[in-house]
Amino acid sequence: MATAVATAVATLMGLSGAAVAQSQTPPAAVLPAVVVTGSVSERALEAAPYAASVLDADTLRQSGPMVNLSEALVRVPGITANNRQNYAQDLQLSSRGFGARAPFGVRGLRLYTDGIPATMPDGQGQVSHFDIASAQRVEVVRGPFTALYGNSSGGVIAAFTAPVTQAGADLSLDAGADGLRQGRVSIGAPLGSGWDGQASLSGLHIDGFRPQSEAHRTLATGRLAWSGESDRLVLLLNTFRQNAQDPLGLTRAQWQQDPDQTTPQAIQFNTRKEASQTQLGGRWTHRFDAASPLSSSSLMAYTGWRSVTQWQSITVGAQSAAGSGGGVVDVDRRYDGVDGRLVWRLAGGSLATGVNLERQRDDRQGFQNFIGTGAAQQLGVTGALRRDEDNRATTREAYAQWDGALTSTLDAMVGVRGGEVRMSAQDRFLSNGDDSGARRFRYANPAVGLGWRLTPALLLHAAVGRGFESPALNELAYRSDGTGGFNTALKAQKSQQQELGLKWRGERASLDATLFHIGTRDEIAVLTNSGGRSSYQNVGRTRRSGAELSGDWRPAAAWRLAGTLSTLTARYRDSFVTCTGTPCPTPTVAVPSGMRIAGTNGGSAFVELAWKPPVWRGGEAALEWRGVKKTAVNDTNSEFAPGYGLMHLRLTQDGQASVGRWTWTARVENLMDRRYVGSVIVNDGNGRFYEPAPGRTWWLGLKLATTLGS
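Remember, it's a predicted structure, so these values are computed and weren't measured experimentally.

Chemist: Tell me what's going on with the overall build of the protein, and back it up with residues and numbers.
Modeler: When its secondary structure is counted, the protein shows five helices and 41 strands. In terms of overall size, the protein behaves like a compact globule, its C-alpha atoms giving a radius of gyration of 25 Å where 710 residues would be expected to give roughly 27 Å. Once the C-alpha set of the protein is aligned to its principal axes, its extents read approximately 70 × 55 × 50 Å. A total of 710 residues make up the protein; the buried ones form 59% of that total. Long-range contacts, defined here as pairs at least 24 residues apart, represent 66% of the contacts in the protein between residues at least 6 apart. For the protein, the accessible surface area stands at approximately 26,700 Å², while carbon and sulfur atoms represent 58% of it. Considering the protein, the positive charge centre built from 71 side chains and the negative charge centre built from 61 side chains are found 3 Å apart.

Chemist: Can you explain the packing of aromatic side chains? Please cite residues and give values.
Modeler: Pairs of aromatic rings are described using the distance from one ring centre to the other and the angle between the two planes. Applying the stated criterion to the full structure yields 11 aromatic pairs. With a centroid separation of 5.1 Å and an interplanar angle of 75°, the aromatic rings of tyrosine 572 and phenylalanine 576 are classed as edge-to-face. Sitting above the plane of the tyrosine 50 ring, lysine 503 keeps its charged end 5.8 Å from the centroid. The residue whose ring lies beneath lysine 630 is phenylalanine 640, and the NZ or CZ to ring-centre distance is 4.5 Å.

Chemist: Please provide a residue-by-residue account of the pattern of salt bridges, values included.
Modeler: Inspection of the entire model under this criterion finds 40 salt bridges. Arginine 333 is the salt-bridge partner of aspartate 362, the closest N and O atoms lying 2.8 Å from each other. Taken as a pair, aspartate 362 in strand E18 (residues 349-367) and arginine 333 in strand E17 (residues 328-346) lie far apart in primary sequence, 29 residues in all. The residues aspartate 362 and arginine 333 share a single accessibility class, namely buried.

Chemist: Can you tell me about the sheet that holds strand E3 (residues 51-56), naming the residues and giving the values?
Modeler: With respect to topology, five strands assemble into an open sheet ordered E3-E8-E9-E6-E7, the strand pairing being mixed. With partners counted over all chains shown, the strands left at the sheet margins are E3 and strand E7 (116-117), one partner each. Bridge count for strand E6 (residues 110-113) against strand E9 (residues 155-161) is four bridges, and the pairing is parallel. Looking at the pairing, arginine 110 lines up with valine 156 of E9.

Chemist: How would you explain the pairing of E6 if you had to name every residue and give the values?
Modeler: Alternating positions in E6 separate into two faces, Arg110 and Tyr112 on one and Leu111 and Thr113 on the other, with burial throughout. Pairing of E6 with E7, which is carried by two bridges, proceeds in the antiparallel orientation. Paired with tyrosine 112 across the bridge in E7 is proline 117.

Chemist: Just give me the short version of the pairing of strand E37 (residues 644-657), but keep the residues and values in it.
Modeler: Looking at chain direction, strand E34 (residues 619-628) and E37 are connected through 10 bridges and run antiparallel. Looking across to E37, one finds that tryptophan 625 is bridged to methionine 647. Sheet analysis places E37 next to strand E38 (residues 660-669), joined by nine bridges and oriented antiparallel. Bridge pairing in E38 places leucine 651 opposite alanine 666. Remark: two residues form the turn of the hairpin made by E37 and E38, two consecutive strands paired antiparallel.

Chemist: Account for the side chain of asparagine 683, naming residues and giving values.
Modeler: Secondary-structure assignment places asparagine 683 in the loop between strand E39 (677-680) and strand E40 (690-692). Judged by its relative accessible area of 16%, asparagine 683 falls in the buried class. Setting aside its immediate chain neighbours within four residues, asparagine 683 contacts Val526, Ala598, Val633, Asn634, Asp635 and Phe689.

Chemist: Describe the environment of arginine 571, listing the residues and the values that go with them.
Modeler: Locating arginine 571 in the fold gives a position in strand E30 (residues 559-572). Owing to a relative accessible area of 34%, arginine 571 belongs among the partly exposed residues under this scheme. Put simply, arginine 571 and threonine 600 are 29 residues apart on the chain and 9.2 Å apart in space, counted from C-alpha to C-alpha. With residues up to four places along the chain from it excluded, the contact list for arginine 571 reads Thr542, Arg543, Gly594, Met595, Arg596 and Ile597.

Chemist: Describe a nonpolar patch on the surface, listing the residues and the values that go with them.
Modeler: Together, Trp553, Trp559, Leu561, Val607, Leu609, Trp611, Leu623 and Trp625 make up an exposed nonpolar region whose accessible area comes to about 710 Å². Contributions of two or more residues to the nonpolar patch are made by E30, strand E33 (603-611) and E34. Along the chain, tryptophan 611 turns up in strand E33. Overall, tryptophan 611 belongs to the partly exposed group, its relative accessible area being 35%.

Definitions and cut-offs
- Residues numbered from 1 in each chain as written.
- Predicted model: local features only at pLDDT ≥ 70, side-chain atom pairs only at ≥ 80, totals over all residues.
- Heavy atoms only, no water.
- Helix = DSSP H or I, 4+ residues; strand = E, 2+ residues; numbered from the N terminus.
- Rg over C-alpha atoms; globule rule 2.2 N^0.38 Å.
- Buried < 20%, exposed > 50% of the residue type's maximum accessible area, 1.4 Å probe, protein only.
- Contact = heavy atoms within 4.5 Å.
- Areas by Shrake-Rupley, 256 points an atom, 1.4 Å probe, with all protein chains shown as cover.
- Lys, Arg positive; Asp, Glu negative; His and termini not counted.
- Charge placed at Lys NZ, Arg CZ, Asp CG, Glu CD.
- Phe/Tyr/Trp six-rings, centres within 6.5 Å; stacked < 30°, edge-to-face > 60°.
- Lys NZ or Arg CZ within 6 Å of the ring centre and 35° of its normal.
- Salt bridge = Lys/Arg side-chain N within 4 Å of Asp/Glu carboxyl O.
- Pairing = 2+ DSSP bridges.
- Patch = residues over 30% accessible without salt bridge, like charges linked within 9 Å, V, L, I, M, F, W, Y side chains within 5 Å.

All quantities given are derived from atomic positions and should not be read as evidence of function.
Below, the structure is given as structure tokens:
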């Protein structure tokens, strides 16, 4: 992150990707101005009045086999990115505590890949189709300006594919602990007449360190682009397929007894998940001449299909309840969206105006996870139908943002994004009650930021904004009293965010520091969890506050020290009642005010010391340390996942061969072989909160890049 490569932020509207120029900084040199093309105008990184981080391609490669974003996101302050060691569930991601409640998938954050949303209109997101190996960078935006991405934008994570500059091909091979094997091939070339294209294909297999945790993944991506005198067109295609077993979580007693075990229910029901997705998108941009009041226009459109089938461990007895949806989830999703934008020259700055439309339609079914009775009964198979629904979510939004200079030393960014999200369910399986219903939520998210240039090297920045997060479709699915229909009592949560920070760039060092405070009302949390039906409630007010630091220092030409530090205080301000077990038809357990928000920790830190001596041409060695404070696993704070500190070793070497440029990277993770909880399943009704991480592991990756043609 904060290394020799200085890159910077992204789109403020969450539409088109930011084009970031990168520059390799020699030791003891002043960091050059890095130009960022955001949603409105070009801006140097140190002038952006909000907290942001960028992970470049080298950092992504050095952090691991580029299978999971969590490998590199641990370098970003304010972000919790935990690898569940379970490919049947997505990463555990949160930004300043937003998204921490998610038991699976990603909530509270907006996700993008090459400008195409990976977050659905109802606020649920996935990162499993991110092609990290082909990424030029991953951008992370935190704080009030994320509100300008609309619904569920407590933070923004966006990946961007490297553009084609010359004809070439890459081959990468990875091997590691727990049966990790991965191969990738990519090719790209200019095609003439302004066209260029690239494609990649990768395959992953991993056995996992626990029983019932094997996974297979295939990912393919394609990109076709055309550039003219004033226009640019980019077409994007990606498809992935993944089959993964689910080892489930462990109770605290199980984890303490043997963190390498798998709970018997996972084996008994053969818990697993099959997922596939295909997505096609395109973006056209046009630049107007200097005499026009318009600076540029853009149009983005996308469509996709996603299919998920998951076999869960819900007991046969729990599925006998009239309202049970069974133990097998089967969802076929179709989604699409379009965004149009105009950028105007106005008042010495740039004004972006636009509209955004998104739709998702889920054909959702549920089945029993067994067939037969008595001695002939089979578990972990698809049985009788128990749920059949048509779920829909639609978002309609409009936005405007102005970006410009107020004085020679004071810049401003002002924006607002407003709209509505509609969600509905049409129940086609009425023998267990009618769960049909519809809800509509409206919002307007303004944000204001100022950047004050005190000296050429020092910027102070401040921002305020309002955030909005609607319940997701699955959070609206059931009422707490067990009756049919949408949870009409559940409201959207709204937040007020403030941020104050500084950015300093020196000859041998840099520093970013941010303080933030967030007040939220109508926070959404779990209410009951019974028979495979989870219902949610608004629990009143919460408060999140903390500090974030990131920086680097080059004391000598061969040495680099980089690190981040984050603190987070995230607590409920109002008391409420909830459930702590299953079944639980009525919540009776009191949660007093002052409890930590489930899924959050008190802070984290990352430090890297890298050594690259001149005598070791093309080589580098680095020690990394990561520390995380204890994490609350439930709302009552009756249990916590212990904090931990881990040491990692990294070695890299690159060189030139007759066939092309080669690079190998070796990592030893968790050098001290410490056993710890890598992630938690928030408010799990069975008390299986803990997802253990492995002890000492290793990974070795080799990449060969060759130029094609003359």
